[in-house]
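Commentary on secondary and tertiary structure
In case you want the letters, here they are:
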Amino acid sequence: MKTTAIPIHNGESVPVSRVPVLPVEELRQRVIGAVKEGAEIAALFAEPSAGATRSAGGFQLFAVLIDHSQGALRALSARLTDSWPSITPECPSAHLFEREIAEQWNLAVPGHPWLKPLRFSPAMSGAREAAAAGRTQPGDAQFFRVEGEEVHEVAVGPVHAGVIEPGHFRFQCHGETVLHLEISLGYQHRGVEQALLGGPDKRSIHYAETLAGDTTVGHATAHCEAMEALCGREAPPRAQALRAIALELERIANHVGDLGALAGDVGFLPTSSWCGRIRGDVLNMSALICGSRFGRGLARPGGVAFDVDDRMVGELKDRIRAGARDAAGACGLLWTTPSVLARFEGTGALSPRTALEIGLTGPAARACGVDRDCRSDLPSGIWRFSHVPVSTWRTGDVFARAYVRWLEVQRSFAFIEDQLGSLPAGDIRVQLPRPARGALGVSLVEGWRGAICHVIITDSEGRFGRYKVIDPSFRNWFGLALAMRGQPISDFPLCNKSFNLSYCGHDL
Amino acid sequence: MRFPRGEPPALPARFRGLPVLDSSRCVDGCSECVAACPTGALSFTSRTGLKLDLGKCLFCGECEAACKRGAVSFTNDYRLAARERRDLLIGDGRKLRLAESLGRDLERLLGRSLRLRQVSAGGCSGCEADANVLTTVGWDMGRFGIQFVASPRHADGLLVTGPVTKNMRLALEKTWEAVPEPKILIASGACAISGGPYIDLPEVYNGVAGVLPVDLFVPGCPPHPLTLLDGLLRLIGRVR
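The rules behind the values
Residues numbered from 1 in each chain as written. Chains lettered and ligands numbered in written order. Predicted model: local features only at pLDDT ≥ 70, side-chain atom pairs only at ≥ 80, totals over all residues. Heavy atoms only, no water. Helix = DSSP H or I, 4+ residues; strand = E, 2+ residues; numbered from the N terminus. Rg over C-alpha atoms; globule rule 2.2 N^0.38 Å. Buried < 20%, exposed > 50% of the residue type's maximum accessible area, 1.4 Å probe, protein only. Expected span 1.5 Å × (residues − 1). Contact = heavy atoms within 4.5 Å. Phe/Tyr/Trp six-rings, centres within 6.5 Å; stacked < 30°, edge-to-face > 60°. Salt bridge = Lys/Arg side-chain N within 4 Å of Asp/Glu carboxyl O. Domains from an automatic or database assignment. Buried area = accessible area lost by both parts, 1.4 Å probe. Polar contact = N/O pair within 3.5 Å; in protein donor to acceptor, adjacent residues only side chain to side chain. Axes fitted to C-alpha atoms, helices over the stretch in contact; angles between N-to-C directions. Parallel < 35°, antiparallel > 145°, perpendicular 65-115°, else oblique. Left-handed = near helix turned anticlockwise from the far one by under 90°. Nonpolar A, V, L, I, M, F, W, Y, C, P; charged D, E, K, R; others polar. Pairing = 2+ DSSP bridges. Right-handed = clockwise from strand over helix to strand, strands pointing away.

**Brief notes about the overall build of chain B**
Helix and strand content of chain B: seven helices and ten strands. Relative to the 2.2 N^0.38 estimate, which gives 18 Å for 240 residues, the radius of gyration of chain B is 18 Å and therefore close to what a compact globule would have. For chain B, the C-alpha atoms occupy an extent of roughly 55 × 45 × 30 Å along the three principal directions. Burial status across chain B gives 60% buried among its 240 residues.

Structure representation (structure tokens):
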């Protein structure tokens, strides 16, 4: 009989014992089959089996899939001894997840087409032979090489030209044309997943807030919702609305900032200059609510730490209207200026098929016509009651990634204004009891880069036995690499900015 | 923006700047604020009273929320940068000693033209984001001759963010070596000063001072653009 994975709603938890344990081959086929039928891999990770000591014994491999047809998540698992036969050849979106599994636990992943270090990080404590494995400098690995007398290689980073995080980019070029780009990260690895183990404690929320600093509200909300799932409590409606307002402010600030930076990259200074200021105006709205331009200190397990009064709501409404008007003026110029469009259109295009195959998420996927957005597909919190239309475009190029962001900016402004006009009354925070024991809690939040996934598995005392974070950048970096194929290398900054992915969110 | 000749831009009422400690409000050394601090920035003994290390402080406000008597409160004062690590330790009677300039010789060299190479060495990119803000038209850091440059060889110093991860140490050291003498180093944000939220994790070095010599410490998580600009201007003697 086929074991059915129980549906888990976003922001719910289930006892780990209820996650089906399948034979390895069956799990492989189930994941491959589900993804072929339109499911998305939200998480794929290994964990030493319950009962097994961390240094000896088997592993349990967990797959959390997004079932779009049901608007639910499905968790499946299998027990492994020391290897997981790769599904990447049949299911390319598993590519990085499998590299991570191999690196974190020294597990063999036979059949993987490009198995090499992902973050150049040591194995999780207790992984077999962890201590024996020597440490490699990040980037010190074999890169995919194109051979040929006329082919040359360009190496960039980890320290780049701008005020930006470190990463290494290796281009294979024929003249100006990029044949292949390989991206090697790990320089920002702080060991946050490892540090979260044993929690929740007073540092947990701060780790969440700094997983990716430009996505503070997104990750903090994902952490809070996962905690609330494990504790069986919901944040009060007013807190849910305030979190959503902050999440949309974060989206607007980053999208507007990036539209300005894209304009700057093609030498179009009016939009570039204006957007720099407008981004600041939006960050200052977050600071009005909680004192921090990045929304630090706002979302807390059980609700939010800051309330707004009528005067503040009025002030925010005025600023939102002014911001929407200014952004329309500044960004609108992009779509009517031929010199900008000539640089945006057709640059770094990805097909819808590629987007689905490699598991792109967020605006990068929606720019390829992929109609996916956690806010509408897996609504949790206030998103169950208030809806934002999903913004898509079809061309998958720099233009599409820019234009989808602009569509989202407008809808976020409208959403915030709407929420401010109908804020639920009541408390802003509830006290959470201890997290359930031996439970698996999942939360997915549509951050400005795409789906943020937090999976927490609690141990027999209700402490974090495993904390898995999947930042949308983890799923999208390979998209940038593919977008560069066949492009002039001089278009790299433009393509890169159109994705604007997080290094620290990937490196953890 | 008229700053620094005129008033700085207004900060929101809830902005958490320089904290003020008042141990006389502590009852029986309750230390609830100390227990609430996520990074161990606060300490209390009956002899010394409350002490706060601004270099470790995330300005999260958990201490202020934990104290019912107002022994810890955050003010709107954005001025936080110091030249010495020990100057960041404040208490009842011990005020923050704000940064002094680099001195006459370096002021002559760098006072009207300071080129910085920024290096992220771990961290969350929040510090980078608010450092970048200083280059936008509103702040226009270029009017002081301060500029972020693409190559360390074009730079007079480094602005380092992040706790210095093991994976980034070599690249940071090489970048520092590439900066010609005389050169300065600025540690911006709690991570670069002390490790910040990642303090004592096995993958980080608890800040840049353990790896390279630091000339200016700018607290914050991340530092507000105004805090960073104030620190830079103090360093080159444009604000005293």
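On we go.
**Points about helix α8 (residues 310-332) of chain A**
Residue pairs spaced three or four apart in an α-helix point in one direction, given the helix's 3.6 residues per turn. All names here are of chain A. An ideal rise of 1.5 Å per residue puts 33 Å on 23 residues; α8 measures up with 32 Å between its terminal C-alpha atoms. If you check which residues of α8 are buried, you get M312, V313, L316, I320, G323, A327, A330 and C331. Residues of α8 that are buried make contact with α6 (237-265), α7 (269-290) and α13 (398-421).

**What to know about the packing of aromatic side chains**
All names here are of chain A. Considering all chains together, one arrives at 17 aromatic pairs over all chains under this definition. Between the aromatic rings of F45 and F62, the centroid separation amounts to 5.5 Å while the plane-to-plane angle is 20 degrees, which identifies the pairing as stacked. Taken together, the residues span a long stretch of sequence, with F45 in strand β4 (residues 40-48) and F62 in strand β5 (residues 59-67) at a distance of 17 residues. A relative accessible area of 0% places F45 in the buried class. Geometrically, the ring pair formed by W114 and F144 is edge-to-face, given 5.9 Å between the ring centres and 75 degrees between the ring planes. With a gap of 30 residues between them, W114 in the loop between α2 (95-105) and β7 (151-156) and F144 in the loop between α2 and β7 connect regions that are remote in the sequence.

**Considering unusual backbone geometry**
The omega torsion of the bond from G157 of chain A to P158 of chain A falls at 15 degrees, within 30 degrees of zero and hence cis. Positionally, P158 of chain A belongs in the loop between β7 and β8 (168-174). Even without being a glycine, D200 of chain B presents a positive backbone phi close to 70 degrees. The phi angle at N206 of chain B is positive, at roughly 60 degrees, despite the residue not being glycine. By the element assignment, N206 of chain B lies in the loop between α6 (190-194) and β10 (216-218). With a relative accessible area of 27%, N206 of chain B lands in the partly exposed category.

**Considering the pattern of salt bridges**
All names here are of chain A. In the structure shown here, the tally under the stated rule is 45 salt bridges over all chains. For E193, the salt bridge identified is with R466, shortest N-O distance 3.3 Å. Of this pair, E193 sits in helix α3 (residues 192-196) while R466 sits in strand β14 (residues 464-470); the two residues are 273 residues apart in sequence, bridging distant segments of the chain. Residue classification places E193 among the buried positions, given a relative accessible area of 4%. Judged by its relative accessible area of 1%, R466 is buried.

**Focus on the domain arrangement of chain B**
Residue and element names in this part refer to chain B. Each assigned domain of chain B is listed with its residue range as follows: domain 1 (19-91) and domain 2 (104-235). Contacts between domain 1 and domain 2 engage 16 residues on the former and 20 residues on the latter. Buried surface at the junction of domain 1 and domain 2, summed over both partners, amounts to about 1500 Å²; 68% is from carbon and sulfur atoms. For the domain 1 face of the interface with domain 2, the top three residues by lost area are Y78, A81 and R83, together amounting to 36%. Here domain 1 is connected to domain 2 by four residue pairs in polar contact (both at pLDDT 80 or more).

**Comments concerning the packing of α13 of chain A against helix α15 (residues 492-499) of chain A**
Residue and element names in this part refer to chain A. Running from amino to carboxyl end, α13 crosses α15 at an angle of 30 degrees, the nearest separation of the two axes being 9 Å. By the angle class used here, α13 and α15 are roughly parallel. For α13 against α15, the interelement crossing comes out left-handed. Together, V398, R401 and R405 of α13 and L494, C495, K497, S498 and F499 of α15 make up the contact between the two elements. A breakdown of the residues in the contact of α13 with α15 according to their chemical character gives four nonpolar, one polar and three charged.

**Structural notes on the pairing of strand β6 (residues 114-120) of chain B**
Residues and elements named next belong to chain B. Of all the seven residues making up β6, six are buried; the element is thus mostly covered by neighbouring parts of the structure. In terms of strand pairing, β6 meets strand β7 (residues 146-148) through three bridges, oriented parallel. What sits directly across from L114, in β7, is I146. In this fold, the crossover linking β6 to β7 by way of helix α4 (residues 126-132) has right-handed handedness. The pairing of β6 with strand β8 (residues 157-161) spans five bridges and is parallel. Note that in β8 the partner of S120 across the bridge is T161.

**Description of the sheet that holds strand β9 (residues 184-188) of chain B**
Residue and element names in this part refer to chain B. In space, the five strands of this open sheet follow the order β7-β6-β8-β9-β10, with parallel pairing throughout. Of all the strands in the sheet, the pair left with one neighbour each is β7 and β10. In this sheet, neighbouring strand axes are inclined to one another by 25 degrees on average, regardless of whether the strands run parallel or antiparallel. Relative to β8, helix α5 (residues 169-178) is tilted by about 160 degrees, and along the sheet it contacts β6, β8 and β9. Here helix α7 (residues 225-235) sits on the sheet in contact with β6, β7, β8, β9 and β10, set at roughly 165 degrees to β10.

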